[in-house]
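# Residue-level structure breakdown
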Amino acid sequence: MMINATVPDFGMMGRQEAPAQLFYDFDLERHVPAHHMLREIDLFLNGDSLREALRPFYSHLGRPSIDPELIIRMLVIGYVMGIRSERRLCDEVHLNLAYRWFCRLGLEGNVPDHSTFSRYRHGKFRESGLLRQVFETTVERCLKENLVSGEGFAVDASLISADANKIRSIAAEDWSPEAARDAGNRAAREYLETLDDAAFGAASPVQPKFVAKSDPAAQWTRAEESRPYFAYATNYLIDTKSSVIMDVEATRAIRQAEVGAARTMLDRTEKRFGIKPDWLAADTAYGNAENLGWLVEKRSIIPFIPVIDKSERTDGTFSRSDFQWDETNDQYICPEGHALKQFRRNYSDPNRGRDTGGRKKYRCLKAICQACPSKEICCPKADARYVTREPHEEAREFARECRKTKAYKVSRDKRKKVEMLFAHLKRILGLTRLRLRGPNGAKDEFLLAAIAQNLRKLAKLRSRSVLQEAVACPATDRPRRRRADSSPRRRVKPVSAADRRYARRHGPSPRRRKPRAGGAGERGRSR
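The structure contained in this document is the topic of the report that follows. Values in this document were obtained by computation on a predicted structure and should not be read as measured data.

### Remarks on the overall build of the protein
Counting its regular elements, the protein contains 19 helices and 13 strands. Considering the protein as a whole, with its 527 residues, one finds that 42% of them fall into the buried category. Put simply, the protein shows about 32800 Å² of open surface, and 49% of that area lies on carbon and sulfur atoms.

### Digging into helix α12 (residues 289–298)
A289, N291, L292, G293, W294 and L295 are the residues of α12 that are buried. Among the structural elements, α11 (255–273), β7 (279–281), β8 (302–304) and α14 (393–402) are those in contact with the buried residues of α12. Note on α12: the residue one or two positions beyond its end, S300, has a positive phi of about 55 degrees.

### So, the nonpolar core
By size, the foremost hydrophobic cluster in this structure holds 108 residues, and its most contacted members are Y232, Y236 and F446. Element by element, the count of residues in this core is highest for helix α16 (residues 438–461), at 11 residues. Once residues lying within four places of it in the same chain are set aside, the contact partners of F446 are I160, Y232, A233, T234, V248, A250, L431 and L434. Among the nonpolar cores identified, the runner-up in size contains 11 residues, and F323, Y332, L340 and C379 belong to it.

### Points about the side chain of K375
Looking at the secondary structure, you find K375 in the loop between α13 (366–370) and β13 (386–389). Here K375 occupies a buried position and makes no salt bridge, while the nearest side chain of opposite charge, E376, is found at 5.4 Å. Not counting the four nearest positions on each side in its chain, K375 is found in contact with C369, Q370, P380, A382 and D383.

### Looking at the pattern of salt bridges
The full count for this structure, using the stated rule, is 39 salt bridges. As a salt-bridge pair, R435 and E86 come within 3.3 Å of each other at their nearest N and O atoms. Of the two residues, R435 is situated in the loop between α15 (406–427) and α16 and E86 in helix α5 (residues 86–95); the sequence distance between them amounts to 349 residues. Through salt bridges that share partners, D42, D48, R51, D67, E69, R73 and R104 make up one connected network.

### Observations concerning unusual backbone geometry
Notably, R104 is not glycine yet its phi reads approximately 60 degrees, a positive angle. Along the polypeptide, R104 turns up in the loop between α6 (97–102) and α7 (115–128). Judged by its relative accessible area of 49%, R104 is partly exposed. Positive phi outside glycine occurs at H392, with the angle close to 55 degrees. With respect to the secondary-structure elements, H392 resides in the loop between β13 and α14. Accessibility expressed as a relative area gives 31% for H392, which makes it partly exposed.

### Here we look at a nonpolar patch on the surface
Side chains of F26, L97 and L107 sit close together on the surface and give an oily, nonpolar patch of about 230 Å² of accessible area. Relative to the helices and strands, F26 is located in the segment before α1 (28–31).

### Brief notes about the packing of aromatic side chains
The description of an aromatic ring pair uses the distance of the two centres, along with the angle that the planes make with each other. Counted by the stated rule, this structure contains 11 aromatic pairs. Centre to centre, the rings of Y332 and Y362 are 5.4 Å apart; their planes meet at 80 degrees, and the pair counts as edge-to-face. With Y332 in strand β10 (residues 331–333) and Y362 in strand β12 (residues 360–363), this residue pair connects regions lying 30 residues apart in the sequence. Using a relative accessible area of 4% as the deciding quantity, one classes Y332 as buried. An aromatic cluster is defined as three or more aromatic residues linked by ring pairs; in this entry it consists of F210, W220 and F230.

Calculation criteria
- Residues numbered from 1 in each chain as written.
- Predicted model: local features only at pLDDT ≥ 70, side-chain atom pairs only at ≥ 80, totals over all residues.
- Heavy atoms only, no water.
- Helix = DSSP H or I, 4+ residues; strand = E, 2+ residues; numbered from the N terminus.
- Buried < 20%, exposed > 50% of the residue type's maximum accessible area, 1.4 Å probe, protein only.
- Areas by Shrake-Rupley, 256 points an atom, 1.4 Å probe, with all protein chains shown as cover.
- Contact = heavy atoms within 4.5 Å.
- Core = buried A, V, L, I, M, F, W, Y, C linked by side-chain atoms within 4.5 Å.
- Lys, Arg positive; Asp, Glu negative; His and termini not counted.
- Salt bridge = Lys/Arg side-chain N within 4 Å of Asp/Glu carboxyl O.
- Patch = residues over 30% accessible without salt bridge, like charges linked within 9 Å, V, L, I, M, F, W, Y side chains within 5 Å.
- Phe/Tyr/Trp six-rings, centres within 6.5 Å; stacked < 30°, edge-to-face > 60°.

Right, here's the structure in full:
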């Protein structure tokens, strides 16, 4: 008995089958797109300086280690592409051809285990300050590519959630350095080391309401319109020309630490790159008297910063701005022309009249205020009027005058570039919550994120110019020969993209053909 098996006829439908070949000719370079982001970033990342920095931390005996440049390149991939998990990063590098090309692994190279990152991070990278050096190398490349003007800087801070939970926290009154020693984890040890650091423990004597045992340095805060949480602050100092990050610093999520970080970054930028800005733009959090005095009097930087001023009254009475300052006689003049003085007699003890540098109080005589016709709109509930003068009041007044200029309005628009970088950090790079704990973990993550953002900036703005320089022929540097008649060359109109597409498909574009004799062109000219 025979069964007629009918074979289905699919006509001209193609079918993909694996070719039975024993050897393959595969070029990894050819399979990475020419305009891939990692190919453009690779133009600005050099690993020779990394090895020189790590040379003293390696022994002359033993087996060769994993290339530290490979670890840095994998970390750059993770932060540039928004891959937050190091386990997933290892899987992606293993599978993705572009990632293998960027890491110089080829097709057969082994990807390191995820635990290698922790070994390098807590060991050689932290001891040598390698991540800081890589970041400064990217800033130097931005300077070389003319992306930094150095005229104006902007500074701001943003909160990043820490890897800590409220459930496992304790009240501040139950926390002490002895409890941190009993915790025994790495984050607690780093917390004890930073108790005298102005960016962390010494930033403010006020203790937070709760302390996380897993990460004691994280600040319990509710700075945003959300539920309170543990967080660190990443501080950016950027150049306003192309939004290049000049420096980055990790601090506690409080205003005092952020203001101190701004000074640290300005000093470090001038010391490392020799750049001091003409002006600095920031929000009201940086407008206290001490910071303005430091900028104006010590650093000679124009502060485009709103002044923290609570002297203005809203009840209709005279504010401090209604009183005129007389610097020569060290007194205020009220709207009625009376003098408000700090001292009205010469003390026999010179220490009583000494200027201590704090807040000064200038008073008017009681008899004058009682007989003044403007008492009801000056001091209706007091016997006499007094006016306080803050420390560094000259710098505060200079900042108020700067706010009235057109340059201040321009700086307001440029300062928004810092907010755009923070939005890019959280929305595109995915850095909404830290993976690492402790102050050093926060510093490492913020440095790597700033490295990724600067490299993406270089790849976006300067990758084509670098490629053109790389493929340029050395012969083009020689002077061109002039024609025998020495007549100037005729300028040729550039060909548009539409003409090039038409020429590839149908030949020369009709819009660029020469008119025939006697045609429409000739008739038009004869008329």
